[in-house]
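Fold and geometry: a report
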Amino acid sequence: MLTLRPMQPTEFSKYRDYFIVDYAQEIAANFGYSIEKSSAIAAKELADDLPQNVTTPDNFLLCIEESNKGTIGYLWYKQIDAGTSVFILDFVILEAFRGLGYGKATLTALEEQLAPSGVEQIKLRVAYDNIRAFGLYQKLGFSITGYNMIKILAE
Ligand SMILES: CC(C)(COP(=O)(O)OP(=O)(O)OC[C@H]1O[C@@H](n2cnc3c(N)ncnc32)[C@H](O)[C@@H]1OP(=O)(O)O)[C@@H](O)C(=O)NCCC(=O)NCCS
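Residues numbered from 1 in each chain as written. Predicted model: local features only at pLDDT ≥ 70, side-chain atom pairs only at ≥ 80, totals over all residues. Heavy atoms only, no water.

A few points about the nonpolar core
Threshold: To qualify as a nonpolar core, a set must consist of buried Ala, Val, Leu, Ile, Met, Phe, Trp, Tyr and Cys residues joined through side-chain atoms within 4.5 Å. Relative accessibility under 20% of the residue-type maximum defines a buried residue, over 50% an exposed one, and the middle range a partly exposed one, all with a 1.4 Å probe and only protein chains included. Put simply, DSSP H or I for four residues or longer makes a helix, DSSP E for two residues or longer makes a strand, and each gets a number counted from the N terminus. The criterion used for residue contact is that any of the two residues' heavy atoms lie within 4.5 Å.
Among the nonpolar cores identified, the biggest contains 22 residues, and L4, I64, L75, F91 and L110 are the most heavily contacted of them. Breaking this core down by element, the ones donating at least two residues are β1 (2–6), β2 (59–66), β3 (70–80), β4 (85–93), α3 (102–114) and α4 (131–139). In terms of residue count, α3 provides more of this core than any other element does, five residues in total. Dropping the residues within four chain positions of it, L75 is found in contact with L4, F60, L61, L62, I64, I88, D90, F91, T106 and L110. Formed by 13 residues, the second largest nonpolar core is a distinct cluster that contains M7, Y18, L61 and Y74.

Below you can see the structure in the form of structure tokens.
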């Protein structure tokens, strides 16, 4: 059975290590920066967004757990719009567990958790080339609200 549980303070440094590597790769691919520069940007953004780590107000860091398998992924969201919406800042199913329905099960569990608390919308951003995530969100009823665009003038 899949459950979403709060990340414990002792689990944060492992999450941080994963997040910086993963996000740095995305920054490097999107902006053409070196991996060193991208890692520094990723680390700074994480520190700015989560000044109190797992206890940062309005932010929810969850471990996705499956019976007998332990932590199979992470979900980080923030409450916005006076609590009527949440924005997913990070969502990952660890590589060994992908393609098994856990992504779908996680978002379904999230919807069930949020519904009684008055949350009306779940928002997120997905990279244009992330076919798997895009397919998952579409299947679950997310719709496109716009496009992020960038023109790089200088590094
Ligand atoms: C995106 C992600 C969370 C999806 O989790 P998952 O457990 O692999 O997803 P599921 O097994 O529930 O599959 C859901 C849908 O994804 C798509 N999908 C699954 N495996 C796929 C594959 N190998 N290739 C393309 N699409 C695939 C399908 O649309 C599938 O729906 P279906 O089973 O009805 O066909 C996971 O792949 C992941 O962590 N990726 C890296 C991080 C990431 O991209 N996060 C999202 C950021 S916005």
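Topic: the site of the ligand
Heads up, the condition is: Near, as used in this document, describes a residue that has one of its heavy atoms within 4 Å of the molecule or strand being considered. Here a polar contact means two N or O atoms within 3.5 Å. Within protein one must be a hydrogen donor candidate and the other an acceptor candidate, and residues neighboring in sequence count only if both atoms are side-chain atoms. In these tables, accessible area is a Shrake-Rupley quantity obtained with a 1.4 Å probe, and a residue counts as shielded only by the protein chains included in the view. Asp, Glu, Lys and Arg are counted as charged, while Ala, Val, Leu, Ile, Met, Phe, Trp, Tyr, Cys and Pro are counted as nonpolar; the rest, among them Gly, fall into the polar class.
Surveying the vicinity of the ligand reveals 18 residues, the closest of which are F91, G101, K104, N130 and R132. Within the contact set of the ligand, an oxygen atom lies 3.1 Å away from a backbone nitrogen or oxygen of L100. When isolated, the ligand has an accessible area of 930 Å², and the protein chains bury 71% of it. Of all the elements in the fold, those that place two or more residues in the shell around the ligand are β4, α3 and α4. At five residues, α4 tops the list of elements feeding residues into the shell around the ligand. In terms of residue class, the shell around the ligand is made up of nine nonpolar, four polar and five charged.

A closer look at the packing of aromatic side chains
Here a ring pair, both rings aromatic, is described through the centre-centre distance and the interplanar angle of the planes. Under the convention used in this document: Geometry of aromatic contacts follows a simple scheme: Phe, Tyr and Trp rings, the Trp one being its six-membered ring, pair when their centres are within 6.5 Å, and the pair is stacked under 30 degrees between planes, edge-to-face over 60, tilted otherwise.
The tally for this structure, following the rule as stated, stands at 10 aromatic pairs. Centroid distance F12 to Y15: 6.3 Å. Interplanar angle 45°. Geometry classified as tilted. Of this pair, F12 and Y15 both sit in helix α1 (residues 12–31), separated by three residues, roughly a single helical turn. With relative accessibility at 0%, the residue Y15 sits in the buried group. With 5.4 Å between their ring centres and 45° between their planes, F19 and Y23 make a pair best called tilted. One end of the pair, F19, and the other, Y23, are both in helix α1, four residues apart, so they sit about a helical turn from each other.

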